[in-house]
Amino acid sequence: MSLEVSHLTVQVENKTLLDDVSFELKKGEIIGLMGPNGSGKSTLALTLMGHPRYQIISGEILIDKTNITKFSPDERANLGLFLAFQYPSAIAGVNVRQLVTSADRPALQVKRRAQKLAKNLGLDADLVNRSLNLDFSGGEKKKMEVLQMDLLKPKYAILDEIDSGLDLDALRLISDSIKSSSAGIMVITHYPRLLKLISPDLVLILKSGKIVKSGGKEVISRLEKSGYSKL
Amino acid sequence: MSRFAPVSSPTLTPSADYPLGHSDSVDYEFKSGAGLTEHTVRQISAFKHEPSWMLNLRLSALAQFNHMPTPEWGGDLSPIDFAKIHYYLKPSQQSVGDWDKVDSRIKNTFDRIGVPQAEREILAGVKAQFDSEVIYSSLKSFLSKKGVIFLGMDEGLKQYPDLIRRYFGKLVPAGDNKLAALNTAVWSGGSFVYIPKNTRVDLPLQAYFRINSPNAGQFERTLIIAEEGSSVHYVEGCSAPAYSEGSLHAAVVEIFVKPGATVQYTTVQNWYKNVYNLVTKRARVEEEGHMRWVDGNLGSRLTMKYPSCFLMGRKATGETLSLALAGSGQHQDTGAKMYHLASETSSQILAKSVSFGGGRTSYRGLIQINPAAAGSRSKVVCDALILDSSSRSDTYPTNRILNSQSTVEHEATVSRVGEDQLFYLMTRGLSEQQSETLIVNGFLSPIIKQIPLEYAVEMNRLVDLEMEGSVG
Amino acid sequence: MTTTKIVRAILPREYLFKEILEHSIPNTSKRLNIRAIVQNGANLHINALIHIHPQAKNADSFLDIRVLILDEKSRADVRPQLEIETNSVKASHAATVSPIDPDQLFYLQSRGLNYAQAQKLIVAGFLSHA
């Protein structure tokens, strides 16, 4: 059971943003993805989720052996993939519960769970009733993404810079959420802080669209000592 | 349009005006010939046994109608042939049609939005109604204890002719515009509401509680008088598609808001796509009075409607919340007008529209601040969503400020559904169409929130239905 | 590309200011600010239209009209209009008509300027602020 990315090359308007990227995210494991600004981390996240702006030139993406390379975003979501956005959209007049309520997740249940999760994440319970992300602070938006992940229970989750804008307490709450999840999780981040809290099984470094380093926790310590430029 | 009443025609037999179901089946075989003549108008008035002052009003209105040109500034009215229309149709007292002959699109819509079977047949003009008798009678006694009058306009004229004479046509005289002249000449049905001083009516008065009264009137005339300090919420219309034989609807609504009174008038209109819906709605608001129009326009081929407020007294306020949805073959030309004629008055207009499948929405509004209206404020916000490249949206506001101590703000935005928003929702497992529908409903929600719950639920479902197949 | 147009309606007569932002080819962006003062019994009419044709994909259009009415006898009639015939657009307009903000006036006067000086400063700032 895994999310496999195999020799993925991605372009936007003829500019190559990802070059021959491969990795496997197994269910229950945690991969940390780091890299300097502009290295292609968000491009990878959005491409995996099927954003129309990103063109896959070659390579494929498989969820549990199903080739999803040409699937629409909702089809991928329905197969158990989740993306916590770096910049979540604000949707006027739509609250978070409406996104998540469906045949399998009836409204009343969603409401109760959402309120409980909000409390656990240190969010004002009223936020689950308001227009999603409209006038929310940076930290509130990130927590809302985590709340959705907890409600949707995906098999594979990509968290794009979930730690930006969060204080230490919030960071701890989120890392607890990540550690207790049974999903395969890819944590994309700039800073070693979050990764040190969650102990990833694998750490990848992305630079100029290529994976330049892969290893265990020691990759993080080396990064802290010498930065990205030495890689 | 009354939910419980037959759809196809206006007015009723005099005997049916008496409440509590004493409807003798006095059966008047009357249907006017086509075209609008003095003879037709006299017949209508005679048939209703009206006082002579009303007949005179009708006749002079007819003369004005004949002299006025058809307006050309709004939607396209040229296809209307006034000579071919029947201006007075006998209502159906028993089954008049065959359910099987009803358009399958209408039937499907009823299914989707959950309209109960009995109501479907009524709405489709197939069956007359008498079931609401029980509800009606208990409502009547509740209201009459408070001194509230709530009758069909025809019955109101019989029971309270002097009261009506004081107000009828004073806000919207026949000479106001061609369609008002038409309505004044041939009006039939509508509601008469009178709320005494300092009386609050907490439950919304809904047109469908008027048993056996003029229903999907083509030419309804409504008059609401709210005395000092009173308050009422009147709801007209129905979100289920209303099929009508008459293709021209020209209604007039006049509302008098006395000092300190509060009135909300909510309309949800979803006429079938052959109807020209041309309505004049006006409120006169006195000192510290509050008027709010909530106007939902989903159907018809062309709607021209601009609920307005004349703010006559100090600190009077007026508000219009307007919602318009235009799909293929539809043109919603809607908006609001606010006239500030006294000091410290304020007005607000919020207009939201969605056009798709080649539909066209046009916002048309006027804010006028007269010299005497010092210290007045007005804010207008118009947001339009255009879902595809074949559809269209226009905004035509006029802001006329005639003093130097008032502020008027106006903003309008036209946009399409954001790609990022769509993507975000799809990543949560919603299909492209579900995502678009959710966004459209969210966009309209500030206005739908002001509509009584059962209409709001139907409206949301109707928006969903209209959206189906609009993606791509 | 933002353009600002200044209108000074300062004589006791009718003024008509018309402006059309037309988008008829794809990928055009137009942003217009109109700043007007109305004084001395002037009557200013502003008619401004943004018209986006069906073939003008990716149009980006913005119109901002601000009018300051400076005295009792002056008037303004502002009609910002939109005619949008395609959905691949970002179009918005705003129009505000108001007198001088009394709080601003007070603030300047508390710094020693008399009414005329304060008004002059506010108007100058208003006309130059895009």
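Let me sum up the structure you'll find in this document. Keep in mind it's a predicted model, so treat the numbers as computed, not measured. Sequence order sets the numbering: in each chain, residues are counted from 1 along the sequence as written. All chains are assigned letters beginning with A, and all ligands numbers beginning with 1, in the order in which they are written. For a predicted model such as this one, the threshold for reporting local features is a pLDDT of at least 70, and the threshold for listing and counting side-chain atom pairs is 80 or more; totals across whole chains, interfaces and linings nevertheless cover every residue.

Re the overall build of chain B
Consideration 1: Looking only at helices and strands, chain B features 11 helices and 19 strands.
Consideration 2: When each of the 472 residues of chain B is scored for burial, the buried share is 57%. For helices the rule is a DSSP run of H or I covering at least 4 residues; for strands it is a run of E covering at least 2, with both sets numbered from the N terminus onward. Any residue surrounded by 20 or more other C-beta atoms within 10 Å of its C-beta is treated as buried, while 12 or fewer makes it exposed and the intermediate range makes it partly exposed; C-beta atoms here are placed from the backbone.

Remarks on the environment of A:Ile205
Residues and elements named next belong to chain A.
Consideration 1: As for its position among the elements, Ile 205 is in strand S9 (residues 202-207).
Consideration 2: Overall, the presence of 22 C-beta atoms within 10 Å leaves Ile 205 in the buried class.
Consideration 3: Taking the C-alpha atoms as reference points, Ile 205 and Ser 181, separated by 24 residues in sequence, lie 23 Å from one another.

A look at the packing of helix H4 (residues 107-120) of chain A against helix H5 (residues 138-152) of chain A
Each pair of packed helices gets described by two things: the angle between the helix axes and the distance between those axes.
Residue and element names in this part refer to chain A.
Consideration 1: Between the N-to-C directions of two axes lies an angle of 0 to 180 degrees, each axis being a line fitted to C-alpha atoms and, for a helix, fitted only over the stretch in contact. The interhelical angle for the contact between H4 and H5, taken along N-to-C directions, is 135 degrees, at an axis separation of 10 Å. In terms of orientation, H4 lies oblique with respect to H5. For H4 against H5, the interelement crossing comes out right-handed. Judged by residue contacts, Val 110, Arg 113, Ala 114, Leu 117 and Ala 118 of H4 engage Leu 147, Asp 150 and Leu 151 from H5.
Consideration 2: Residues were grouped as follows: Ala, Val, Leu, Ile, Met, Phe, Trp, Tyr, Cys and Pro as nonpolar; Asp, Glu, Lys and Arg as charged; and all remaining residues, including Gly, as polar. Split by residue class, the contact of H4 with H5 holds 6 nonpolar, no polar and 2 charged. Comment on the angle field: the value is read as roughly parallel under 35 degrees, roughly antiparallel over 145, roughly perpendicular from 65 to 115, and oblique elsewhere. Left-handed describes a crossing whose near helix is turned anticlockwise from the far helix by less than a right angle; the clockwise case is right-handed. Think of it this way: build a C-beta for each residue from its backbone, and any pair within 7 Å is a contact.

Comments concerning unusual backbone geometry
Residue and element names in this part refer to chain A.
Consideration 1: Even without glycine at this site, Asp 135 takes up a positive phi of about 65 degrees.
Consideration 2: Relative to the helices and strands, Asp 135 is located in the loop between H4 and H5.
Consideration 3: In this structure, Ser 199 takes a positive phi of about 50 degrees despite not being glycine.
Consideration 4: Mapped onto the elements of the fold, Ser 199 is located in the loop between helix H7 (192-198) and S9.

A few points about the interface of chain B and chain C
Consideration 1: Each side of the interface is counted separately: chain B has 28 residues, and chain C has 31 residues.
Consideration 2: Contributing elements (two or more residues each) for the side of chain B that touches chain C: strand S18 (392-401) and strand S19 (407-415) of chain B.
Consideration 3: In terms of residue class, the side of chain B that touches chain C is made up of 9 nonpolar, 12 polar and 7 charged.
Consideration 4: Strand pairing follows a simple DSSP-based rule, namely that at least 2 bridges must link the two strands. Where S18(B) lies against strand S6 (residues 75-84) of chain C, 6 bridges are found, and the strand directions are antiparallel. Of the residues in S6(C), the one forming a bridge with B:Thr395 is C:Leu82.

Remarks on the sheet that holds strand S6 (residues 81-84) of chain A
Residues and elements named next belong to chain A.
Consideration 1: In spatial order, the strands read S6-S7-S8-S3-S9-S10; together these 6 strands make up an open sheet with mixed pairing. Of all the strands in the sheet, the pair left with one neighbour each is S6 and strand S10 (210-215). Neighbour-to-neighbour, the strand axes of the sheet open up by a mean angle of 20 degrees, direction not taken into account.
Consideration 2: Pairing of S6 with strand S7 (residues 156-160) involves 4 bridges; the strand directions are parallel. Each bridged residue has a counterpart across the sheet, and for Leu 81 the counterpart in S7 is Tyr 156.
Consideration 3: On the sheet, helix H1 (residues 41-49) packs against strand S3 (30-34), S6, S7, strand S8 (184-188) and S9 and is oriented at approximately 145 degrees with respect to S7.
Consideration 4: Lying over the sheet, H5 contacts S6 and S7, oriented at roughly 165 degrees with respect to S6.

Describing helix H11 (residues 453-467) of chain B
Consideration 1: Under the convention used throughout, the expected extent of a helix is 1.5 Å for every residue step, that is, one less than its residue count. For H11(B), which comprises 15 residues, the first-to-last C-alpha distance of 21 Å matches the rise-based estimate of 21 Å (1.5 Å per residue) to within 8%.
Consideration 2: Those residues of H11(B) not exposed but buried are B:Tyr455, B:Glu458, B:Met459, B:Leu462, B:Val463, B:Glu466 and B:Met467.

Focus: the sheet that holds strand S8 (residues 262-269) of chain B
Consideration 1: An order of S3(B)-S5(B)-S8(B)-S10(B)-S13(B)-S15(B)-S17(B)-S19(B)-S7(C)-S5(C)-S3(C)-S1(C) is seen for the 12 strands of this open sheet, with the pairing classed as mixed. Among the strands making up the open sheet, the edge pair consists of strand S3 (205-206) of chain B together with strand S1 (2-9) of chain C.
Consideration 2: Docked against the sheet, helix H2 (residues 115-128) of chain C engages S1, strand S3 (29-38) and strand S5 (59-69) of chain C, running at close to 165 degrees with respect to S3(C).

Quick notes on the interface of chain B and chain A
Consideration 1: Counting from both sides, the interface comprises 18 residues of chain B and, opposite them, 20 residues of chain A.
Consideration 2: Looking at the side of chain B that touches chain A, the elements with two or more residues in it are helix H9 (419-426) and helix H10 (432-448) of chain B.
Consideration 3: Looking at the side of chain B that touches chain A element by element, the count peaks at 7 residues for H10(B).
Consideration 4: Taken together, the residues of the side of chain B that touches chain A sort by class into 9 nonpolar, 7 polar and 2 charged.

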